[in-house]
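Residue-level structural notes
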Amino acid sequence: MHPYVVIGAGPMGLCTVRRLAEQGLPVIGLEAHADVGGLWDISSPTSTMYQSAHLISSKRMTEFSDFPMADHVATYPKHDQLCRYFQDYARHFNLYGHYRFHAWVEKVEPCQGNWLVTYRQHGETFTLMASGVLLANGTLHHPRRGNFGGDFQGEQFHSSDYKSAEVFAGKRVLIVGCGNSACDIAVDAVHRARSVDMVIRRGYYFLPKFVAGIPTDTLGGKVRLPNRLKQMVDGTLVRLISGKPSQFGLPDPDYRMYESHPVVNSMFLHHIGHGDITVRPSIEQLLPTGARFQDGQEAEYDLILEATGYSLHYPFIDRQHLNWNGDAPGLYLNIFTPQHDNLFVMGMVEASGLGWQGRDDQAQLVARFIRARHEKPAAAEKFMHKVRQQASRRIDGGIAYLNLERMAYYVHKADYLAALNHEIRQLHWES
């Protein structure tokens with residue numbers, strides 16, 4: 001048997017290597033950086049992390065259930081604490097020995113029922129024949145840029161290149177976007193910039209990180225409400241806690257709670273309410289010294305930062321192998337492609353509160369499936385029949401997610417975890 005190749009050493013890659021090794025499967029991890037941690041290692045050449053970045057979910061709702069973070073770690077840890085956590089995880093489960101570091105994957109192509117993986121390491125090119133490939137290179141690396149007319153002559157860059165608030169010192173700043181990173185960066189900017197404006201094109205639900213001293217994402221959940229009722233109840237609670245965005249001069253969301261990812265930030269509305277951030281509508285056109293907005297107003301800026309999100313990016317493999325459909329691959333459980341029973345996309349999943357344990361559940365399912373491929377082929381083929389029949393089925397819990405690129409691989413947490421664990425039990429029983 002050729003080894004299975006896992007691409008990436010972030011949380012998804014690490015738990016995938018772990019679970020394959022536990023099943024006695026030969027596994028090699030390829031990582032572009034010198035160490036594990038993925039996105040959370042700010043020194044990695046592929047990291048889009050910035051100095052002030054912290055988790056937006058609390059540690060107990062995010063950690064691996066069988067490898068909890070230490071009690072002294074902050075409730076919302078900073079990136080360096082998380083990097084150490086993943087390094088500790090890799091040491092604890094003896095994962096370092098499976099990895100080849102400084103290994104940049106250049107090509108993954110089918111070869112006689114296997115996969116030929118080409119990678120570059122220390123200036124040399126190497127190839128690996130793999131029984132299967134597991135793509136765990138992350139979803140927050142390839143910046144999605146704005147499509148603005150005109151020509152701005154000042155500084156302009158994407159949030160993927162942002163590292164420190166020093167870049168804002170004394171400048172007139174325009175931030176485009178209002179996701180979690182955009183709001184984090186806006187809060188950074190108000191302490192250093194001469195002025196901060198923010199293009200906010202649609203409404204968002206805003207949540208503080210704590211309510212009555214308790215992490216917001218740990219509230220409720222003891223009784224599971226029907227999904228639509230939970231949307232109504234939680235949407236009402238958010239308005240009671242944070243107020244309506246329009247009270248702060250922001251657009252109100254024209255959709256229900258959870259149909260787009262909420263912003264979790266305790267300071268953003270504070271600064272909006274204190275006039276530290278000026279809200280702007282969409283950009284009509286960039287000007288050499290600034291921008292003209294859709295309300296006809298113009299303003300001058302020294303720096304424009306595009307916090308416009310990321311696109312899924314698997315540059316080393318042809319899209320046809322991933323059953324690409326619109327903004328994302330069409331995969332069963334966001335993992336399994338109908339074309340191949342030995343190619344898996346790991347971590348291409350987002351859900352409010354899913355955490356790394358949800359990713360580990362993915363890894364456990366895939367590891368069991370791969371073992372079935374070799375030991376119980378009838379069970380594996382039965383599973384693949386389901387994959388081919390239901391590859392495009394989305395586990396959305398009946399929630400009408402917004403038609404946005406970033407929401408293309410969003411799932412409903414409880415329903416998704418239930419589906420994963422059902423398949424794990426089924427494979428265990430049949431194998």
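Right, let's walk through the structure included here. Note on numbering: residues in each chain are counted from 1, in written sequence order. Restriction of local features to residues with pLDDT of at least 70 applies here, the model being predicted, together with a cutoff of 80 or more for giving and counting side-chain atom pairs; totals for whole chains, interfaces and linings are based on all residues. The basis for every side-chain value is the complete set of heavy atoms in the structure, and neither hydrogens nor water enter the calculation.

So, the sheet that holds strand 4 (residues 103-111)
One bridge is not enough; two strands pair if DSSP finds at least two bridges between them. For the purposes of this entry, the term helix denotes a DSSP run of H or I that reaches at least four residues, the term strand denotes a run of E that reaches at least two, and both are numbered from the N terminus. Here we have 3 strands laid out as an open sheet, ordered 4-5-6, and antiparallel in their pairing. Every interior strand has two partners, whereas the edge strands, strand 4 and strand 6 (124-130), have only one. The sheet shows a mean angle of 20° between the axes of neighbouring strands, taken without regard to direction. Of the pairings in the sheet, the one linking strand 4 to strand 5 (residues 114-121) comprises 8 bridges and is antiparallel in character. Paired with Trp104 across the strands is Arg120, a residue of strand 5. For every element, the axis is a line fit to its C-alpha atoms; helices are fit only across the contacting stretch, and the angle between N-to-C directions ranges from 0 to 180 degrees.

Regarding unusual backbone geometry
Located in the positive-phi region is Gln112, a residue other than glycine, with phi close to 50°. By the secondary structure assignment, Gln112 is in the loop between strand 4 and strand 5. Throughout, exposure labels follow a simple rule: accessible area from a 1.4 Å probe, protein chains only, divided by the maximum for the residue type, with under 20% read as buried, over 50% as exposed, and the rest as partly exposed. The class of Gln112 is exposed, set by a relative accessible area of 81%. Not every positive phi belongs to a glycine, and Leu333 is a case in point at roughly 55°. Along the polypeptide, Leu333 turns up in the loop between strand 23 (328-329) and strand 24 (343-345).

Some remarks on helix 3 (residues 79-92)
A helix is expected to span 1.5 Å multiplied by its residue count minus one. Helix length check: helix 3 (14 residues) gives 20 Å between terminal C-alpha atoms against 20 Å at 1.5 Å per residue, within 8%. Buried within helix 3 are the following residues: His79, Leu82, Cys83, Tyr85, Phe86, Gln87, Tyr89 and Ala90. The contact rule is simple, with two residues in contact once any of their heavy atoms fall within 4.5 Å. Check the buried side of helix 3 and you find it contacts helix 1 (11-22) and helix 7 (355-375). Trailing helix 3 by a residue or two, Asn94 shows a phi angle of about 55°, which is positive.

Comments concerning the state of the cysteines
Two cysteine sulfur atoms make up a disulfide if the distance between them is within 2.5 Å. Taken as a whole, this structure holds 0 disulfides when the rule is applied. Summary of cysteine pairing: Cys15 is not part of a disulfide, and the nearest cysteine sulfur, belonging to Cys83, is at 16 Å. For Cys15, a relative accessible area of 0% corresponds to the buried category.

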